[in-house]
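# Commentary on secondary and tertiary structure
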2 protein chains.
Amino acid sequence: MNRTAFFISDGTGITAETLGNSLLSQFDGIRFNKVTLPYIDTLEKAQAVAQQINAAVDADQVRPIILDTIVNEEIRAYIAQCNGMMIDVFATFLKPLEKELGVHSTYTVGKSHAIQEMHRYKDRIESVNFAIDNDDGARTQQYDRADIILVGVSRSGKTPSCLYMALQYGIRAANYPFTDDDMTLQDLPACLLPHRDKLYGLTIDPFQLAAIRHERRPNSRYASLDQCTLEVRTIERLFRQQQIPCINTTTFSVEEIATRIISEARLARQL
Amino acid sequence: MNRTAFFISDGTGITAETLGNSLLSQFDGIRFNKVTLPYIDTLEKAQAVAQQINAAVDADQVRPIILDTIVNEEIRAYIAQCNGMMIDVFATFLKPLEKELGVHSTYTVGKSHAIQEMHRYKDRIESVNFAIDNDDGARTQQYDRADIILVGVSRSGKTPSCLYMALQYGIRAANYPFTDDDMTLQDLPACLLPHRDKLYGLTIDPFQLAAIRHERRPNSRYASLDQCTLEVRTIERLFRQQQIPCINTTTFSVEEIATRIISEARLARQL
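Residues numbered from 1 in each chain as written. Chains lettered and ligands numbered in written order. Predicted model: local features only at pLDDT ≥ 70, side-chain atom pairs only at ≥ 80, totals over all residues. Heavy atoms only, no water.

## Concerning the packing of aromatic side chains
Defined as follows: Geometry of aromatic contacts follows a simple scheme: Phe, Tyr and Trp rings, the Trp one being its six-membered ring, pair when their centres are within 6.5 Å, and the pair is stacked under 30 degrees between planes, edge-to-face over 60, tilted otherwise. For every residue, the accessible area (1.4 Å probe, protein chains only) is compared with the maximum for its type, and the residue is labelled buried under 20%, exposed over 50%, or partly exposed between those bounds.
Tallied over the full model, the rule gives five aromatic pairs over all chains. Residues A:Y176 and A:F178 carry aromatic rings whose centres are separated by 5.6 Å and whose planes lie at 85 degrees to one another, so their mutual orientation is edge-to-face. In this pair, the class of A:Y176 matches that of A:F178, namely buried. Between B:Y164 and B:Y169 the ring centres are 6.5 Å apart and the planes differ by 65 degrees, which places this aromatic pair in the edge-to-face class.

Structure representation (structure tokens):
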């Protein structure tokens, strides 16, 4: 049986989507057809949404889940008339929060964020530029400005993890890929020695590494299981010898890798 | 008055943090000291959290807000004993969802996600690589693989927007920066002509553009208000003439730019 789930917002829809995915992932057996509808900020758009909801009821022969973070009461009331199970996030939580805090909430979406966002935006641009400039050991002379330096073999997940930390949290994350040459060293590469306390290791299951590399360069030595196994064993030994904290990325999503590193390295969220 | 707000999870904490920020942003006058505590997945960690909560009560002289997405009942119950206003997201919404769906939810965090996440991970890596490879018009021959191509002047927000779409939604986003040379053309640059339907324009207030560029290259012609005004006017005229949809990024966050483009260009979320 198919169920449609609508995540509706008069803003970006990120909160509705994040919460919705989180709640629905607790129901294993059900296939959800998830539809995110952001920027539903006029009655005209709400009418189009209502039509879409009614069409889903007809198609699925069962009422959909509707999770919303709409602030505007009129728009929310309009959508609440539809035939669906309504999960009204703000109505549920803002009332008790108002009571606890002893003040009314500002029922205006977006407006109050603009100025705050400007700072976030600049910090992020800076962090994203830093991550790109310092990707794959390109500019090791900027390492003293880094909040963290991820180290690992090629394709162990360094780049997306750095970019996620930059975009989501404004953290300046550099990365250094261990190459064949570095592997023969008994010590850390010279450029990393002064920054030992900023290093964080990524490791990965050799089978998965081989699969990932295979997509990039099929049937190469680089992608062979032998080579991947050798590299992973060597780098894991180095992490142990040098007491570099590390995380095995094999079963983790980019969010999980990033949030675990932030948590364990006690990095401050900048945003 | 300061209020501490704890966002606690036995997973990444992203849902708790996203929802928490969203709710608290509705209360303008109050300064919140926000603390995200992810991976609270043992009773030992819960005990440390309880101490942290009690310390906040002492410091603030008022009980904190505690918003949690902890799935484990025992851990949640332990933290619920603390002196705080508890917003229990899963307990609030999962019960009515179970009733609606007629099944029990799987009260196991992370486990059921691992395999699903593997696909997401690969798609993301691919999209992130695509965004980096196709940043700043580096490889225009890959444009036929792109889901979207952002166009705009230097520093109008193309790179972070592309990376956000790649990381968050697995969308293959390329970008092409308009240079002085392109500006003198009456038509689009040749490399963009075959991909007219994938183009999306970014524009920005010239004052803000000058401020952003000034941080990159202080007192340069590149950062001068005259140059920024000229470039923005020229590109906005081109967008109009060529009927390229566009967004003014001036007051928007990276999330807003990305989600608005996805919504208006009707791009499919890949993740």
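On we go from here.
## Considerations on the UniProt feature "binding site: ADP" (unreviewed entry) in chain A
Residues and elements named next belong to chain A. Condition: UniProt positions are given in the numbering used here, feature names are shortened, and annotations may be inferred rather than shown by experiment. Secondary structure elements follow DSSP: runs of H or I of four or more residues count as helices, runs of E of two or more count as strands, with numbering from the N terminus. Contact criterion: two residues are considered in contact whenever any of their non-hydrogen atoms come within 4.5 Å of each other.
In the numbering adopted here, UniProt assigns the feature "binding site: ADP" (unreviewed entry) to G152, V153, S154, R155, S156, G157, K158 and T159. As for its position among the elements, V153 is in strand 5 (residues 148-153). With residues up to four places along the chain from it excluded, the contact list for V153 reads K158, F178, M183, L209, R213, E231 and I235. In this structure, G157 sits in the loop between strand 5 and helix 6 (158-169).

## Overview of the packing of helix 4 (residues 89-101) of chain A against helix 4 (residues 89-101) of chain B
Selection criterion: Whenever a helix is involved, its axis is fitted only over the stretch in contact; in every case the axis is a line through C-alpha atoms, and angles between N-to-C directions fall within 0 to 180 degrees. Under this scheme an angle from 65 to 115 degrees is roughly perpendicular, one under 35 degrees roughly parallel, and one over 145 degrees roughly antiparallel; angles in between are oblique. Note on convention: the crossing is left-handed when the near helix lies turned anticlockwise from the far helix by less than a right angle, right-handed when the turn is clockwise. Just so you know the grouping, Ala, Val, Leu, Ile, Met, Phe, Trp, Tyr, Cys and Pro go in nonpolar, Asp, Glu, Lys and Arg go in charged, and all remaining residues, Gly too, go in polar.
In the contact formed by helix 4 of chain A and helix 4 of chain B, the axes pass within 12 Å of each other and the chain directions differ by 140 degrees. In terms of their interaxial angle, helix 4 of chain A and helix 4 of chain B are classed as oblique. In the packing of helix 4 of chain A onto helix 4 of chain B, the handedness of the crossing is right-handed. Residues A:V89, A:T92 and A:F93 of helix 4 of chain A touch helix 4 of chain B, and the partners they reach there are B:V89, B:T92 and B:F93. In the contact of helix 4 of chain A with helix 4 of chain B, the residues fall into four nonpolar, two polar and no charged.

## Points about the environment of B:R196
Residues and elements named next belong to chain B. If you trace the backbone, R196 turns up in the loop between helix 7 (180-183) and strand 7 (199-203). Its relative accessible area of 37% is what places R196 among the partly exposed residues. Residues R196 and I261, 65 residues apart in the sequence, show an inter-C-alpha distance of 16 Å. Residue contacts for R196: discarding those within four places in its chain leaves D187, L188 and Q242.

## Let's talk about empty space enclosed by the protein
Spelled out, the test is: Definitions used for this entry: grid spacing 1 Å over protein atoms alone; cavity, a set of points where a 1.4 Å probe fits but cannot get out; pocket, an open set with protein on both sides within 12 Å along at least 5 of 7 lines; lining residue, one with an atom within 4 Å of a point. Grid points are joined across faces, edges and corners, and a volume is the space filled by probe spheres set on the points.
One pass over the full model with this rule turns up one cavity of 30 Å³ or more. Empty space within the largest cavity amounts to approximately 30 Å³. Contributing to the lining of the largest cavity are A:I132, B:A131, B:I132, B:D135, B:T159, B:C162, B:L163 and B:N175. For the lining of the largest cavity, the secondary structure elements donating two or more residues are helix 5 (114-133) and helix 6 (158-169) of chain B. If one sorts the elements of the lining of the largest cavity by residue count, helix 6 of chain B sits on top with three residues.

## So, the pairing of strand 7 (residues 199-203) of chain A
Regular strands have side chains that alternate between both faces of the sheet. All names here are of chain A. Condition: Paired strands, as defined in this entry, are two strands with at least two bridges between them according to DSSP.
Among the five residues that make up strand 7, five are buried, leaving the element largely enclosed by the rest of the structure. Pairing between strand 5 and strand 7: three bridges, direction parallel. Note that in strand 7 the partner of I149 across the bridge is L199. In this structure, strand 7 lies alongside strand 8 (residues 246-248), joined through three bridges in parallel fashion. By the bridge assignment for strand 8, T203 is matched with N248.

## Focus: helix 8 (residues 206-216) of chain B
Just so we agree on the cut-off: Two N or O atoms form a polar contact when they lie within 3.5 Å of each other; inside protein one atom must be a possible hydrogen donor and the other a possible acceptor, and for residues adjacent in sequence the pair counts only when both atoms belong to side chains.
Of all the positions in helix 8 of chain B, only B:P206, B:Q208, B:L209, B:A210, B:I212 and B:R213 are classed as buried. At the N-terminal end of helix 8 of chain B, a side-chain oxygen is found 3.2 Å from the backbone nitrogen of B:F207, two or three residues along, and the residue is B:D205.

## Overview of the interface of chain A and chain B
Under the convention used in this document: The rule for a salt bridge is simple: a side-chain nitrogen of Lys or Arg has to be within 4 Å of a carboxyl oxygen of Asp or Glu.
Contact with chain A, which involves 80 residues of that partner, is made by 81 residues of chain B. The tally of links between chain A and chain B comes to five salt bridges. Between B:R63 and A:E100 there is a salt bridge, with its nearest N and O atoms 2.6 Å apart. Elements with a contribution of two residues or more to the side of chain A that touches chain B: helix 1 (14-24), strand 2 (31-37), strand 4 (85-88), helix 4, helix 5 (114-133), helix 6, helix 8 (206-216) and helix 10 (254-264) of chain A. With twelve residues, helix 5 of chain A is the largest single contributor of residues to the side of chain A that touches chain B. For the side of chain A that touches chain B, the per-class residue count stands at 37 nonpolar, 25 polar and 18 charged.

## Examining the nonpolar core
Threshold: Residues belong to one nonpolar core when they are buried, are Ala, Val, Leu, Ile, Met, Phe, Trp, Tyr or Cys, and are joined through side-chain atoms within 4.5 Å.
A:I148, A:M165, A:I261, B:I148, B:M165 and B:I261 are the most contacted members of the largest nonpolar core, which has 48 residues in total. A:M165 has contacts with A:I148, A:L150, A:G170, A:I171, A:A173, A:A258, A:I261, A:I262 and A:L267, leaving out every residue within four places of it along the chain. Counting residues in each nonpolar core, the second largest holds 40 residues, with A:L94, B:A5, B:L67 and B:F90 among its members.

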